[in-house]
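# Examining the three-dimensional arrangement
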Amino acid sequence: MRLSNCKIPGHLLHGLVHPEMGHVKLVVRDDDPYKGKCPYHGTCFEGLCSGPAIEERWGISAKELAPDHPAWDLEAWYIGQAMANVVLTLSPKKIILGGGVMHQSHLFPRILKYMREDLNGYIQNDAVLHDDHYIVWPKLGDNAGLCGSLALAVDALKK
């Protein structure tokens, strides 16, 4: 779940280094004793929500967890919190989440629910408040990163 390149009308967002929104710290849910997988930040987004974090926490690969496993509600809670932070920071028209964990399509409505709860009505926008497809899987699936990189290379060659 790396959110490292955001396109701003034809330009990548870039500062001192590439953005690492996967390492934003999250508020740990009261019933969660897990210390996080990230060796740098512990309970950052990746430290709580990545495939390796899920496997370490539950002792089984995310691919093998049933859709009704309690892991998924916890994951959706954290991802929803992270997406609320993305909305507040970048104000995207749509959020596209890919990667291995997001192969669990049942997560999307849960994430949206928790994101909305976390925003608590602060963002008064129809997309955020009412669009059930505000957070989606990439249309190019697991090829999205590769295709995006190729598109950037083509754009660079045109310049």
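Residues numbered from 1 in each chain as written. Predicted model: local features only at pLDDT ≥ 70, side-chain atom pairs only at ≥ 80, totals over all residues. Heavy atoms only, no water.

## Side note on the packing of helix α2 (residues 51-58) against helix α3 (residues 70-90)
Between α2 and α3, the least distance of the axes is 12 Å, while the angle of their chain directions is 140 degrees. Of the possible angle classes, the one that applies to α2 and α3 is oblique. Crossing geometry of α2 relative to α3 is assigned as right-handed. Residue-level contacts link I54, R57 and W58 of α2 to P70, A71, W72, L74, E75 and Y78 of α3. Tallied by class, the residues present in the contact of α2 with α3 amount to 7 nonpolar, no polar and 2 charged. (Axes fitted to C-alpha atoms, helices over the stretch in contact; angles between N-to-C directions. Helix = DSSP H or I, 4+ residues; strand = E, 2+ residues; numbered from the N terminus. Parallel < 35°, antiparallel > 145°, perpendicular 65-115°, else oblique. Left-handed = near helix turned anticlockwise from the far one by under 90°. Contact = heavy atoms within 4.5 Å. Nonpolar A, V, L, I, M, F, W, Y, C, P; charged D, E, K, R; others polar.)

## Things to note about helix α4 (residues 107-119)
For α4, which comprises 13 residues, the first-to-last C-alpha distance of 18 Å matches the rise-based estimate of 18 Å (1.5 Å per residue) to within 8%. The set of residues buried in α4 consists of L107, F108, I111, L112, Y114, M115 and L119. At its buried positions, α4 is contacted by α3, β3 (95-96), α5 (126-130) and β4 (135-136). Downstream of α4 by a residue or two, N120 has a phi angle that is positive, lying close to 55 degrees. (Expected span 1.5 Å × (residues − 1). Buried < 20%, exposed > 50% of the residue type's maximum accessible area, 1.4 Å probe, protein only.)

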